[in-house]
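Observations on the three-dimensional arrangement
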Amino acid sequence: MLWATSLLGVVFLHLPFVVLPFYAATAEVGVYAVANKLMGIITMLLLLLAAVFGPAFAREAAQGGGQLKTMLRRSQLYCVVIYLPLAAALVFAHPLLARLFNIPQQELQLMLLVLGAGHLVNAATGLSGVLLNMAGATRLELAATAGALILAGVASPFVGASHGYVGLAVLFSVAIAIKNLLSFGLAQHYLQSNLPQRALDHETA
């Protein structure tokens, strides 16, 4: 099931580049791609955090999971501390970046703000998806990813036809936010409903 979650995650991340060419000019796709790649630099740093927290989540889950809630909150703090200043720096530096990549300044700024909002939710919810995968609740993370992917996929033709690439950028940003909010909510539910029994099983083992 973990491979299916990873596969859906890849599809989810690349969906914009499948949809955008149908509703946007080549230059507009280029602006989106630059903004997406710039934001991707920051999210890669969050993935490095996942490499640290992932094994820790797994160890704690195997020991009963009593500290998983605290660890999740800590991951939220670290993600926000890393994300906010770097995202703000990208937005403030958009004139220089626009000249560097030879794209319109205002369009790049708009895309950075739109995509940045979705990724801010990603940072604020911490490593919820990693926790679900490492704590044995991969099916819940799969459901969150599939739900967001279906939403974005179904809505894309309507949004693209009526609002063009800006509307699609907003849709994809909202989808990122929804996916991470779903993961966070499911992680909270899983910890609330499963931790007491798991801790009891660990104590009696």
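Residues numbered from 1 in each chain as written. Predicted model: local features only at pLDDT ≥ 70, side-chain atom pairs only at ≥ 80, totals over all residues. Heavy atoms only, no water.

**Comments concerning the side chain of Asn-180**
For clarity, the cut-off: Helical segments are the DSSP runs of H or I of at least four residues, strand segments are the runs of E of at least two, and each set is numbered from the N terminus. To sort residues, take the accessible area from a 1.4 Å probe on protein chains only and compare it with the maximum for the residue type: under 20% means buried, over 50% means exposed, and anything in between is partly exposed.
With respect to the helices and strands, the residue Asn-180 is situated in helix α7 (residues 138-204). A residue is classified by how much of its surface remains accessible, and Asn-180, at 9% relative accessible area, is buried.

**Notes on the packing of helix α4 (residues 94-101) against helix α5 (residues 105-124)**
Inclusion rule: Axis geometry follows a simple rule: fit a line to the C-alpha atoms, using only the stretch in contact for helices, then measure angles between N-to-C directions, giving values from 0 to 180 degrees. Take the far helix as your reference; a near helix turned counterclockwise from it by less than a right angle gives a left-handed crossing, and one turned clockwise gives a right-handed crossing. Contacts were defined at the residue level, with two residues in contact if any of their heavy atoms lie within 4.5 Å. Residues are grouped as follows: Ala, Val, Leu, Ile, Met, Phe, Trp, Tyr, Cys and Pro are nonpolar; Asp, Glu, Lys and Arg are charged; every other residue, Gly included, is polar.
At a minimum axis distance of 9 Å, the contact between α4 and α5 shows a crossing angle of 120°. For the pair α4 and α5, the crossing hand works out as right-handed. Residues His-94, Pro-95, Leu-97, Ala-98 and Arg-99 of α4 form the contact with α5, whose own contacting residues are Gln-105, Leu-108, Gln-109 and Leu-112. When its residues are assigned to classes, the contact of α4 with α5 shows 5 nonpolar, 3 polar and 1 charged.

**A closer look at the side chain of Thr-145**
Residue position: Thr-145 is located in helix α7. Setting aside its immediate chain neighbours within four residues, Thr-145 contacts Thr-5, Leu-8, Gly-9 and Lys-179.

**Points about the environment of Gly-136**
Inspection of the secondary structure assignment puts Gly-136 in the loop between α6 (128-134) and α7. Judged by relative accessible area, which is 52%, Gly-136 ranks as exposed. For the pair Gly-136 and Tyr-190, spaced 54 residues apart in the sequence, the C-alpha separation amounts to 10.0 Å.

**Observations regarding a nonpolar patch on the surface**
The line we're drawing: Residues form patches when they are more than 30% accessible in relative terms and have no salt bridge. Like charges link within 9 Å. Nonpolar side chains (Val, Leu, Ile, Met, Phe, Trp, Tyr) link within 5 Å. For the area figures, the Shrake-Rupley method with a 1.4 Å probe applies, and any residue is considered shielded solely by the protein chains shown. By definition, a salt bridge exists where a carboxyl oxygen of Asp or Glu is found within 4 Å of a side-chain nitrogen of Lys or Arg.
Together, Leu-45, Leu-48 and Leu-86 give the surface a local cluster of nonpolar side chains, amounting to about 250 Å² of exposed area. Relative to the assigned elements, Leu-48 resides in helix α2 (residues 26-62).

**Considerations on the packing of aromatic side chains**
Put simply, the test is: Only the six-membered ring of Trp is used, alongside the rings of Phe and Tyr, when aromatic pairs are assigned; centres must lie within 6.5 Å, and planes under 30 degrees apart are stacked while those over 60 apart are edge-to-face, with the rest tilted.
Enumeration according to the criterion identifies 4 aromatic pairs in this entry. Between Tyr-32 and Phe-172, the aromatic rings sit 6.3 Å apart at their centres with planes inclined by 70°, giving edge-to-face as the arrangement. Of the two residues, Tyr-32 is situated in helix α2 and Phe-172 in helix α7; the sequence distance between them amounts to 140 residues. Plain terms: the ring middles of Phe-53 and Phe-57 are 5.7 Å apart, the flat faces sit at 40° to each other, and that makes the pair tilted. Residue Phe-53 and its partner Phe-57 are located together in helix α2, separated by 4 residues, close to a single helical turn. Judged by its relative accessible area of 7%, Phe-53 falls in the buried class.

**Comments concerning the pattern of salt bridges**
For the structure on display, the rule yields 1 salt bridge. Measuring nitrogen to oxygen at the nearest pair gives 2.5 Å for the salt bridge that ties Glu-141 to Lys-179. Under the relative-accessibility criterion, Glu-141 is labelled buried at 6%.

**Examining the confidence of the model for the protein**
Quick note on the threshold: What pLDDT reports is the predictor's confidence in each residue, on a scale of 0 through 100.
Across the protein, pLDDT averages 90, with 93% of residues at or above 70. Within the protein, the element-level pLDDT minimum falls on helix α1 (residues 2-23), averaging 85, and the maximum on α5, averaging 96. Confidence drops under pLDDT 50 across residues 198-205; counting only partners more than four residues distant or on other chains, this segment forms 9 contacts.

**Notes on the layout of surface pockets**
Gaps left between atoms are located by rolling a probe of water-molecule size over the structure's atoms. Quick reminder of the rule: Grid points spaced at 1 Å and placed over the protein atoms alone form the basis of the search, with a cavity being a set where a 1.4 Å probe fits but cannot get out and a pocket an open set showing protein on both sides within 12 Å along at least five of seven lines. Lining residues have an atom within 4 Å of a point. Grid points are joined across faces, edges and corners, and a volume is the space filled by probe spheres set on the points.
Empty space within the largest pocket amounts to approximately 1,200 Å³. What lines the largest pocket is a set of 41 residues, among which Gly-9, Leu-13, Leu-47, Asn-122 and Lys-179 lie closest to the centre. Residue assignment for the lining of the largest pocket shows that the elements contributing at least two residues are α1, α2, α5, α6 and α7. It is α1 that provides the largest number of residues to the lining of the largest pocket, a total of 11 residues. In terms of residue class, the lining of the largest pocket is built from 21 nonpolar, 17 polar and 3 charged.

**Concerning unusual backbone geometry**
A positive phi angle, close to 55°, is found at Asn-102, a residue other than glycine. With respect to the element layout, Asn-102 can be found in the loop between α4 and α5. Assessed through its relative accessible area of 71%, Asn-102 is described here as exposed.

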